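The chain contents come next:
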Amino acid sequence: MNIRDRVAALRQKMKEHSLSAYLIPSSDPHQSEYLPENYKTREFISGFTGSAGTVLVTKDKAILWTDGRYFLQAEKQLEGSGIELYKMMEPGVPTVNEFLKSALKPGEKLGMDGKVVSVYSFDSMQKELGGIELVTDIDLIGEIWKDRPQAVLSEAFILEEKYTGKSAKEKIEEVRYMLTEKKADSTVIGALEDVCYLFNVRGRDVRCNPVVTAYAIVDKTRAIIFISSKQLTDEVKSYFASQGVTVMGYEDVFAEAAKLTGKVYIDPSRTNVYLYSQIKANVEKGLNLTSTLKAIKNAVELKNFDDAMEKDGAAMVKILKWVEENAGKGITEWDVSEKLLKFRAEGKDFLEESFETISGYGPNGAIIHYAPSPAESAKLQPKSFLLLDSGGQYLNGTTDITRTIKLGELTEQEKTDYTLVLKAHISLARAKFKAGTTGHAIDTIPREHLWARGRDYKHGTGHGVGYVLSVHEGPQSISSRFLDVPMKLGMVTSNEPGLYVAGSHGIRIESLIVTTEFAKTDDGEFYQFKTITLCPIDTRPIVPGILSDEDINWLNEYHKEVRERLSPYLDEAHKAFLVDRTKAI
């Protein structure tokens, strides 16, 4: 079936169930950003492969909502599908709920699979869509997706304490302490990363995310992981037993949730409606307790991050040299992503990529989350830029890095845009701020240099990064979207401003930064960022006069550290390249 056929089949099912509309979010039962193949339902129904978006099908319309990272990609992928693109946050574009409120009449039914809808989303629909009946026990995509992939249940493994810095038992006690503080009796955890963090367990169930598929319940006396027994080795079972962790079957979580008494704490953004409906006890809603814990990396994790950055940086130096030497010789964007994977795999304790590599040459770089394929991949010419955004999962850390590489002759606009992005990147890297400051407030620091030229970018400046978990992690965010989450010591966050010109070029420069202490004065405590990513930043496109002396000094000092720490990993030819690319300006 093509996309039009799938939408038609869905409408037939809607008719059979007396539904006026059906909602397909980008989600799974754990409200994950990166989905296993069997839960890519929105991609199945629309053909759009971006990581964020929602499809709504009514009797006469089919609409995809997605954000600014994916506007160009969605326009291309929706061509001929009959599905309209609604650009989120753009003037005059209604939200999903606003559209539903105007399109459906009181008494009409909106259907959805409650196992992939978060409590937060459901609550907002109930609040905003009064009179519309919400039907949450119906999986219509499952009824029409005849060749739906089977769930991947990989072999679990324990991430040793030399990597995590804490035992599962210690983390469980921290959760119990936080429950006591909140006067709650138990917590139900649905987020895969949080379950894996808590129990120091990892797996390969989801591509680029070293997680197992599991739920957790922690109360004052029990810590339970709900997971298929097929995933557990004797070593994992033994570790769980030593840490006081009880193992139960994956589906048993629903019955156990129904037995809970007192006050149950859940994260409404990471708990599905079906699981929530099983809980009979009083519920308190808030951010997962484990999300707060795992966002603040301990000293062991931060030391391991440094080691991972050195291995990753060496791979990046190799790909930078290879790209520059081979542009114009027939290599493609796809060849670059495959070659980079090979270089990363040479590093000790490499597991897999941390996300699908974004390798965008020239105009493709303007598609913010563009990903090449073997069939569709531009050849690199000795001109313009290659935007290369990639990352790796290692046993001792997760990386995420973007470098924009000069391949040859550049236009004046390309050079100016590049220098402005670099200035924005350095301004955030150099930022000082008072303890308690949110990422929302910090977001203006890099953007002001672009705003001064009437320019901006349609994505966040920074996201949290997990530790051998998801490359995108909360709760912190540096973006224009307000979140009442202050930047705290030990948080690892990305620094990735950009500029994008449709049909011409895209520029992004990204490194990971960790929040560290700056100063304590009579006026309070102040923090700063330390850049932990190690890789040359191309200085050849820089336009003189835009960077300040302080900017240049920061860049030179950064390159000095990159040169000193990466040289031991490289042969003489790559060392010489590194020296040239990190020379002072």
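So, here is what we can say about the structure in this document. (Residues numbered from 1 in each chain as written. Predicted model: local features only at pLDDT ≥ 70, side-chain atom pairs only at ≥ 80, totals over all residues. Heavy atoms only, no water.)

**A look at the overall build of the protein chain**
What counts here: Going along the chain from the N terminus, every DSSP run of H or I of four or more residues is numbered as a helix, and every run of E of two or more is numbered as a strand. As a reference, a globule follows 2.2 Å times the number of residues to the power 0.38, and the radius of gyration itself is taken over C-alpha atoms. Think of it in three bands: with a 1.4 Å probe and only protein chains considered, a residue is buried below 20% of the maximum accessible area for its type, exposed above 50%, and partly exposed in between. Should any heavy atoms of two residues lie within 4.5 Å, those residues are counted as being in contact. Throughout, the Shrake-Rupley method with a 1.4 Å probe supplies accessible areas, and for residues the shown protein chains are the sole cover considered. As used throughout, the charge tally considers Lys and Arg to be positive and Asp and Glu to be negative, leaving His and the chain termini uncounted. For this purpose, a charge sits on NZ of Lys, CZ of Arg, CG of Asp or CD of Glu.
When helices and strands are counted, the protein chain shows 20 helices and 28 strands. Here the protein chain has a C-alpha radius of gyration of 24 Å; the compact-globule value for 585 residues is 25 Å, and the two agree. C-alpha atoms of the protein chain, sized along the principal axes, occupy 65 × 55 × 50 Å. Burial statistics for the protein chain: of 585 residues in total, 59% are counted as buried. Across the protein chain, the fraction of contacts at a sequence separation of at least 24, relative to all contacts at a separation of at least 6, is 69%. Summing over all exposed atoms, the protein chain offers an accessible surface of approximately 23500 Å²; the carbon and sulfur share of this is 50%. Taken together, the 74 basic and 84 acidic charged side chains of the protein chain have centroids lying 1 Å from each other.

**Considerations on the environment of K318**
Cut-off, in case you're wondering: Within 3.5 Å is the distance limit for a polar contact, defined as a pair of N or O atoms, with the added protein rule that one can donate a hydrogen and the other accept it, and that residues adjacent in sequence qualify only through two side-chain atoms.
With respect to the secondary-structure elements, K318 resides in helix α14 (residues 299–326). K318 sits 26 residues away from R344 along the chain, and the two C-alpha atoms are 9.5 Å apart. Discounting residues that sit within four places of it in the chain, K318 has contacts with F343, E346, L570 and H574. In this structure the side chain of K318 is engaged in a polar contact, spanning 3.0 Å, whose partner is the side chain of E346.

**Thoughts on the pattern of salt bridges**
Counted only if it meets this: The salt bridge criterion pairs a side-chain nitrogen of Lys or Arg with a carboxyl oxygen of Asp or Glu, the two atoms within 4 Å.
Applying the stated criterion across every chain, the model contains 46 salt bridges. The salt bridge involving K415 is made with E412; its shortest N-O contact spans 3.0 Å. Placement of the pair is K415 and E412 together in helix α16 (residues 412–429), with a separation of three residues, close to one helical turn. Its relative accessible area of 24% is what places K415 among the partly exposed residues. For E412, a relative accessible area of 53% puts it in the exposed group. Note that K583 is salt-bridged to D580, the shortest N-O span being 3.2 Å. Given a relative accessible area of 32%, D580 falls into the partly exposed group. Three or more residues joined by partner-sharing salt bridges are found here, namely E324, D538, R540, D580, R581 and K583.

**Considering the layout of surface pockets**
Selection rule: Definitions used for this entry: grid spacing 1 Å over protein atoms alone; cavity, a set of points where a 1.4 Å probe fits but cannot get out; pocket, an open set with protein on both sides within 12 Å along at least 5 of 7 lines; lining residue, one with an atom within 4 Å of a point. Grid points are joined across faces, edges and corners, and a volume is the space filled by probe spheres set on the points. Gly counts as polar in this scheme, as do all residues outside two lists: the nonpolar Ala, Val, Leu, Ile, Met, Phe, Trp, Tyr, Cys and Pro, and the charged Asp, Glu, Lys and Arg.
In this model, the second largest pocket occupies a volume close to 420 Å³. P29, Y39, A151, T213 and Y250 are the residues nearest the centre of the second largest pocket, which is lined by 23 residues in total. Residues belonging to the lining of the second largest pocket are distributed by class as follows: 11 nonpolar, five polar and seven charged.

**Concerning the packing of α14 against helix α20 (residues 572–581)**
Definition in use: Only the stretch in contact is used when fitting a helix axis, every axis being a line fitted to C-alpha atoms; angles between N-to-C directions are given from 0 to 180 degrees. Put simply, angles under 35 degrees are roughly parallel, angles over 145 are roughly antiparallel, angles from 65 to 115 are roughly perpendicular, and the rest are oblique.
In the contact formed by α14 and α20, the axes pass within 10 Å of each other and the chain directions differ by 85°. Regarding the angle of α14 to α20, the classification is roughly perpendicular. On α20, the residues that touch V317, K318, L320, K321 and E324 of α14 are A573, H574, F577, L578 and R581. A per-class count over the contact of α14 with α20 returns five nonpolar, one polar and four charged.

**Notes on helix α15 (residues 333–345)**
To keep it simple, the criterion reads: An expected span of 1.5 Å times one less than the residue number is assigned to each helix. Regarding the arc, it is the one traced by the directions from the helix axis to the C-beta atoms.
The first and last C-alpha atoms of α15 sit 19 Å apart over 13 residues, in line with the 18 Å expected at 1.5 Å per residue. Within α15 the residues assigned to the buried category are E333, V336, S337, L340, F343 and R344. Seen end-on, α15 carries its buried residues on one side only, within an arc spanning 125°. Turning to α15, the residues buried within the fold contact α14, β15 (350–353), β16 (358–361), β17 (385–390), β18 (392–394) and β20 (401–406).

**Section: the packing of aromatic side chains**
Applied cut-off: Only centres within 6.5 Å qualify two rings of Phe, Tyr or Trp (six-membered ring in Trp) as a pair; their planes then separate them into stacked at under 30 degrees, edge-to-face at over 60, and tilted for everything else. In this analysis the charged atom, NZ for Lys or CZ for Arg, is taken to sit over a ring once it is within 6 Å of the ring centre and within 35 degrees of the ring normal.
One pass over the structure, following the stated rule, counts 15 aromatic pairs. Relative to Y394, the ring of F350 lies with its centre 5.4 Å away and its plane at 70°, an arrangement referred to as edge-to-face. Placement of F350 in strand β15 and of Y394 in strand β18 is noted, with a sequence separation of 44 residues between them. Note on F350: relative accessible area 17%, which makes it buried. Pairwise contacts between aromatic rings join Y215, Y250, F254 and Y274 into one cluster. Taking the ring centre of Y457 as reference, the NZ or CZ of R447 above it sits at 3.9 Å.

**Quick look at the packing of α14 against α15**
To keep it simple, the criterion reads: Whether a crossing is left-handed or right-handed is set by the direction in which the near helix is turned from the far one by less than a right angle, anticlockwise for left-handed and clockwise for right-handed.
In the contact formed by α14 and α15, the axes pass within 9 Å of each other and the chain directions differ by 145°. Remark: the crossing between α14 and α15 carries right-handed chirality. Contacts from D312, A315, M316, K318, I319, W322 and V323 in α14 reach D335, V336, K339, L340, F343 and R344 in α15. Considered class by class, the residues forming the contact of α14 with α15 number eight nonpolar, no polar and five charged.

**Describing the side chain of T402**
Looking at the element boundaries, T402 is found in strand β20. The class for T402 is buried, based on a relative accessible area of 0%. Separated by 3.1 Å, the side chains of T402 and D389 make a polar contact. Here E510 takes part through its side chain, which lies 2.6 Å from a polar atom of the side chain of T402.

**Comments concerning the nonpolar core**
What counts, and what does not: For our purposes a nonpolar core is just a set of buried Ala, Val, Leu, Ile, Met, Phe, Trp, Tyr and Cys residues, chained together by side-chain atoms within 4.5 Å.
Counting 65 residues, the largest nonpolar core has I319, V323, V336, L380, L386, L407 and L422 as its most contacted members. Sort the elements by how many residues they give to this core and α14 lands first, with 10 residues. Leave out the neighbours within four places in its chain, and L422 touches I509, I537, I542, L547 and L555. Formed by 37 residues, the second largest nonpolar core is a distinct cluster that contains V211, L232, Y239 and F240.

These values are about where atoms sit, not about what they do.
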